[in-house]
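A structural walkthrough
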Amino acid sequence: MNLEKCYLGIDVGSVSINLVFINKDHKVVDKLYVRTEGKPIPILKKAMEDISKRNDGNIKISGVGVTGSGRDLASVMVGADVVKNEITAHGVAVLTYYPDTSTVIEIGGQDSKIIIIRNGVVSDFAMNTVCAAGTGSFLDRQAARLNIPIEEFGQMALKSKSPVRIAGRCAVFAESDMVHKQQMGCPPEDIIRGLCEALVRNYLSNVGKGKEILPNIVFQGGVAANQGIRAAFEQALGYQVIVPEHYDVMGAIGVAILAQREAERKGSTSFRGIENMRQDFRARAFECNGCPNSCEIIEFIAGKTTLARWGDRCGKWAMKVEDKSQLRSLA
Amino acid sequence: MVITFPHMGTMYIPVKALFDELGINIVIPPRISKRTLEVGLKCCPEMACLPLKVTIGNYVESIKRGADTIVLSGSCGPCRFGYYGVVQKEILRDLGYDVEIVILDPPREGIKEFWERVKKITGNSPLYKGLRAINKAFKVCEETERLLKLVLQKRCREVYKGDTDRTFNRFEDKIRSVKGAQGILECIQETRKQLENIKVDNNKKPIKVGLVGEIYTIIEPYVNLNIEKRLGDMGVEVHREMSVDGWVKYHLAPDIKFRRKQKQILESSKDYLGLCIGGHAWETVAHTLNYSREGMDGIIQILPFGCMPEIVAESILPTIAKEECIPIMTLVVDELTGEAGYQTRLEAFVDLLHLERSRRENEFGKVLSWN
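Residues numbered from 1 in each chain as written. Chains lettered and ligands numbered in written order. Predicted model: local features only at pLDDT ≥ 70, side-chain atom pairs only at ≥ 80, totals over all residues. Heavy atoms only, no water.

1. A look at the overall build of chain A
Using the following cut-off: The secondary structure listing takes helices from DSSP runs of H or I that are at least 4 residues long and strands from runs of E that are at least 2 residues long, numbered from the N terminus. The atom set for the radius of gyration is the C-alpha atoms, and the globule formula is 2.2 Å times the number of residues raised to the power 0.38. Summary of the burial criterion: residues with accessible area below 20% of their type's maximum are buried, those above 50% are exposed, and those between are partly exposed, where the area comes from a 1.4 Å probe applied to protein chains only. Whether two residues are in contact is decided by their heavy atoms: any pair within 4.5 Å suffices. The method behind every accessible area is Shrake-Rupley, applied with a 1.4 Å probe, and residues are considered shielded solely by the protein chains displayed. Two residue types count as positive, namely Lys and Arg, and two as negative, namely Asp and Glu; His and chain ends fall outside the count. By convention, charge coordinates are those of NZ in Lys, CZ in Arg, CG in Asp, or CD in Glu.
When helices and strands are tallied, chain A shows 11 helices and 13 strands. A compact globule built from 331 residues would reach a C-alpha radius of gyration of about 20 Å, and chain A, at 21 Å, matches this within 12%. C-alpha atoms of chain A, sized along the principal axes, occupy 65 × 55 × 35 Å. Taken over 331 residues, chain A has a buried fraction of 53%. Sequence-distant contacts, at least 24 apart, represent 62% of the contacts inside chain A between residues at least 6 apart. Carbon and sulfur atoms make up 50% of the accessible area of chain A, which totals about 15,000 Å². Where the 41 positive side-chain charges of chain A centre and where its 37 negative ones centre are 3 Å apart.

Below, the structure is given as structure tokens:
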């Protein structure tokens, strides 16, 4: 039986864990999008189990890359070839599918970014700093409060005839303003549309501040599923906004592409194998008493061996593990 | 009298040399840690800039170790720093600490008044002794800065990760117990030799990044979340024009050649900003321009949250980025800065610089092959 060589990209974000298999031509073979639910270790284990069962007998994992805020954790669990930050991963994915892109808008669970691309190279970027008003978590919360499934949120916004104006500078004030408009009797679709517009305004004046937003514009990340937000962006920018087919897993795709490059360069993969994912992983925290910083050290253990330590400012704990084995393959 | 002073990177080394030579007892504040910051956060106004909070922490920790006099510099400030001494005096009094604060700012009230302040520290020791001490401390200051520059060069090229930091940490542990300028100089030389022996990859052409911004923030590693180490560990060569040594040469002990060069750098930026608007905004703009012309791959500006002069500079930098075609990133730090987001931005910025460099090299290659 001929197994297709595939590369696995894992994006461990605050809200979702995305897994994606691409083949050597960068085509998506399979993808999985699950909620993190604050438990990255068991959810990632299960997701790996599920996606590999689904593709059992068809593919061979020839490289693994990880990204997202949980990238360090995921990298030691799976044995990654590449550990990359989200911004680079998203940039790589977009440039592979849409080489003519000039601007990438990415809105995820807890952060939003803008990536400016010129001449086929990432030339500038920004991330939200102090406020998460425009991100997925906030939309999630409001959808739950209005008792509307998040999947229908965007559709509903499109039905609005006269959107209300909602103060979107701050998530807390936006919420109280929404309540206020609700109590005035405004219909939910107008409120939702107003909310979408407020979030877009917030994004453009915070994350997009001082950036030159030129077409082609690609909109990705979980929130890109929301057609209301997309419409609001198109209205505010005056350009068409492209939402890629796999908008929700672009980070994972990007890092899978990087993993492919790295694995081809090395001629092998550091992937530990699905069997090794079944062992018992746990994290343990303790306080270091070496100096007044009293850093909280997180120790990550598989079975009986310590795979990694994080959290020390001075690096003495992290180094102890790294000296023993070069687990983190830094690309 | 036991003197103490605020921390700013390795400034404590020349200061220690100075007071050792004068025969004055000092308490070096403990290395800045979470505890230092917590003290500062508790007793400073929330909206004050970060350096004020950290330095108050330094004082309190030193007072608990026996210090009764605090020496700090002022700048008759066009930025909040000018009021640090006065405000901190009040804060310390509210906390119930009865200490003397001597502010050494440029003598505007006449030299006699300045001399009175200096005398508070030096007592009645003869003038020649004071000058000799200053001279020696100045030498220590220069040598310390040279050592730091060497660390920046070695860290990004080291073959075994962590060698440079281990050597430098050993030096910092040792230096506190060394007495006198001569001893300190010897210790620096010894470390220098050790650093020079570190195995490095000489074929490496590291990405070069220039650091600009508010002086305290870029010099004090605790406050900037150890940006030099973070970048160095990613294999990036960090350049930092702003230094204690430079500050002394510019303001206190005028080094004519150095001053002329700095003035030139400042004046070359007059198309963007042509005067001092407080703090180090002018330097930030001028150094950014200078770095981009010196062939840096990118520039990072760091400022403490709410720093007015740097905010003005920040708004000028995008124009320079565009006209000089150089990537610039601004990082704002305060006690609430999240480490993960900071690291992500740095990594992404370094990736960007790598891509940009390979693009340039490709283009250059094409030009060559066409010829």
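2. Points about the interface of chain B and chain A
Selection criterion: Throughout this description, the term salt bridge denotes a Lys or Arg side-chain nitrogen within 4 Å of a carboxyl oxygen of Asp or Glu.
Chain B puts 22 residues into the contact, and the matching count from chain A is 24 residues. Where chain B meets chain A, there are two salt bridges. Among the ionic pairs, Lys84 of chain A bridges to Asp351 of chain B, the shortest N-O distance being 3.0 Å. Where the side of chain B that touches chain A is concerned, the elements lending two or more residues are helix H2 (34-43) and helix H15 (339-370) of chain B. With 10 residues, the single largest contributor to the side of chain B that touches chain A is H15 of chain B.

3. Looking at the environment of Thr101 of chain A
Residue and element names in this part refer to chain A. Worth spelling out the cut-off: The definition of a polar contact used here is a pair of N or O atoms within 3.5 Å, where within protein one atom must be able to donate a hydrogen and the other to accept one, and adjacent residues in sequence count solely through side-chain atom pairs.
Checked against the element boundaries, Thr101 lands in the loop between helix H3 (86-97) and strand S6 (103-107). Judged by relative accessible area, which is 4%, Thr101 ranks as buried. Sequence separation of Thr101 and Lys113 is 12 residues, and the distance between their C-alpha atoms is 15 Å. Ignoring sequence-local partners within four residues, the contact set of Thr101 consists of Val94, Ile117, Asn216 and Val218. Side-chain polar atoms of Thr101 contact the backbone oxygen of Tyr98, separated by 2.6 Å.

4. Observations regarding the sheet that holds strand S1 (residues 4-12) of chain A
Residue and element names in this part refer to chain A. For clarity, the threshold we go by: In this description, strands pair whenever DSSP reports at least two bridges between them. Angles shown run from 0 to 180 degrees and are taken between the N-to-C directions of axes, each axis being a line fitted to C-alpha atoms and, for helices, limited to the stretch in contact.
The five strands lie next to each other as S3-S2-S1-S4-S5, forming an open sheet whose pairing is mixed. Looking at which strands have only one partner, the edges of the open sheet turn out to be strand S3 (28-35) and strand S5 (82-83). Pairing geometry for S1 and strand S2 (residues 16-23), over seven bridges, is antiparallel. Opposite Gly9, over in S2, you have Val20 as the bridge partner. The sheet strands contacting helix H2 (residues 71-78) are S1, strand S4 (59-67) and S5, and the helix crosses S4 at an angle near 150°. Of the strands in this sheet, S1, S2, S3, S4 and S5 touch helix H9 (residues 250-266), which is tilted by about 130° from S1.

5. Considerations on the packing of aromatic side chains
Stated precisely, the cut-off is as follows: Ring pairs are drawn from Phe, Tyr and Trp, using the six-membered ring of Trp, whenever the two centres fall within 6.5 Å, and their geometry is named by plane angle: stacked under 30 degrees, edge-to-face over 60, tilted for the rest. A ring is scored as having a charge over it whenever the NZ atom of a lysine or the CZ atom of an arginine sits within 6 Å of its centre and within 35 degrees of its normal.
One pass over the structure, following the stated rule, counts six aromatic pairs over all chains. A ring pair is formed by Tyr203 of chain A and Phe233 of chain A, whose centres lie 5.4 Å apart and whose planes are at 90°; its orientation type is edge-to-face. Of the two residues, Tyr203 of chain A sits in helix H7 (residues 188-206) while Phe233 of chain A sits in helix H8 (residues 227-237), which places them 30 residues apart along the sequence. These aromatic residues form a ring-pair network of at least three members: Tyr203, Phe219 and Phe233 of chain A. Taking the ring centre of Tyr250 of chain B as reference, the NZ or CZ of Arg259 of chain B above it sits at 4.7 Å.

6. So, the domain arrangement of chain A
Residues and elements named next belong to chain A. Heads up, the rule is: Domain start and stop points were drawn from an automatic or database domain assignment. The term buried area denotes the loss of accessible surface (1.4 Å probe radius) that occurs when two parts are joined, taken as the sum for both partners.
Domain parsing of chain A yields domain 1 (4-90 + 251-277), domain 2 (99-243) and domain 3 (281-324). Taken over C-alpha atoms, the centre of domain 1 sits 28 Å from the centre of domain 2. With seven residues of domain 1 at the contact, the number on the domain 2 side is 13 residues. Regarding the contact of domain 1 and domain 2, the summed buried area is about 790 Å², with carbon and sulfur atoms giving 63% of it. There are one salt bridge connecting domain 1 and domain 2.

7. Quick notes on the side chain of Asn224 of chain B
Residue and element names in this part refer to chain B. When you line up the elements, Asn224 lands in the loop between helix H9 (215-219) and helix H10 (227-233). Within polar-contact distance, the side chain of Asn224 engages the backbone nitrogen of Asn226 at 3.0 Å. Leave out the neighbours within four places in its chain, and Asn224 touches Thr217, Ile218, Ile219, Ile302 and Tyr342.

8. Brief notes about the packing of helix H4 (residues 136-146) of chain A against H7 of chain A
Residue and element names in this part refer to chain A. Threshold: Angle categories are assigned with fixed cut-offs, so that under 35 degrees is roughly parallel, over 145 is roughly antiparallel, 65 to 115 is roughly perpendicular, and the rest are oblique. In this scheme, a crossing is called left-handed if the near helix is turned counterclockwise away from the far one by less than a right angle; it is called right-handed if the turn is clockwise. The nonpolar class holds Ala, Val, Leu, Ile, Met, Phe, Trp, Tyr, Cys and Pro. Asp, Glu, Lys and Arg form the charged class, and all remaining residues, Gly among them, are polar.
Between H4 and H7, the least distance of the axes is 12 Å, while the angle of their chain directions is 165°. Considering the angle they form, H4 stands roughly antiparallel to H7. Like other packed secondary-structure pairs, H4 and H7 cross with a definite hand, here right-handed. Side by side, H4 and H7 meet where Phe138, Leu139, Gln142 and Leu146 of the first sit next to Ile192, Leu195 and Leu199 of the second. Looking at the contact of H4 with H7 residue by residue, the classes come out as six nonpolar, one polar and no charged.

9. Concerning the side chain of Asp20 of chain B
All names here are of chain B. For Asp20, the location among the structural elements is in helix H1 (residues 12-22). The class of Asp20 is buried, set by a relative accessible area of 14%. The contact partners of Asp20, leaving out residues within four places of it in the chain, are Val178, Lys179 and Gly180.

10. Overview of the pattern of salt bridges
Residue and element names in this part refer to chain B. The final tally for this structure, using the stated rule, is 48 salt bridges over all chains. With a shortest N-O distance of 3.4 Å, Glu190 and Lys174 are connected by a salt bridge. Here the residue Glu190 occupies a position in helix H8 (residues 180-196), and Lys174 occupies one in helix H7 (residues 163-175), the gap between them amounting to 16 residues. For Lys174, a relative accessible area of 38% puts it in the partly exposed group. Measuring nitrogen to oxygen at the nearest pair gives 3.6 Å for the salt bridge that ties Asp245 to Lys249. Remark: Lys249 and Asp245 occur in helix H11 (residues 244-252); sequence separation between them is four residues, near one turn of the helix. On the accessibility criterion, Asp245 (9% relative accessible area) is buried. Note on Lys249: relative accessible area 11%, which makes it buried. The network of salt bridges with shared partners includes Glu145, Lys149, Glu228 and Arg240.

11. Considerations on the packing of H4 of chain A against helix H6 (residues 171-183) of chain A
All names here are of chain A. Running from N to C, H4 and H6 point in directions that differ by 25°, and their axes come no closer than 12 Å. Here H4 lies roughly parallel to H6, going by the angle between them. Judged by the twist between their axes, the crossing of H4 over H6 is right-handed. The segment H4 lies against H6, with Phe138, Arg141, Gln142, Arg145 and Leu146 engaging Ala171, Ala174, Glu175, Met178, Val179 and Gln182. Of the residues that constitute the contact of H4 with H6, the class distribution is six nonpolar, two polar and three charged.

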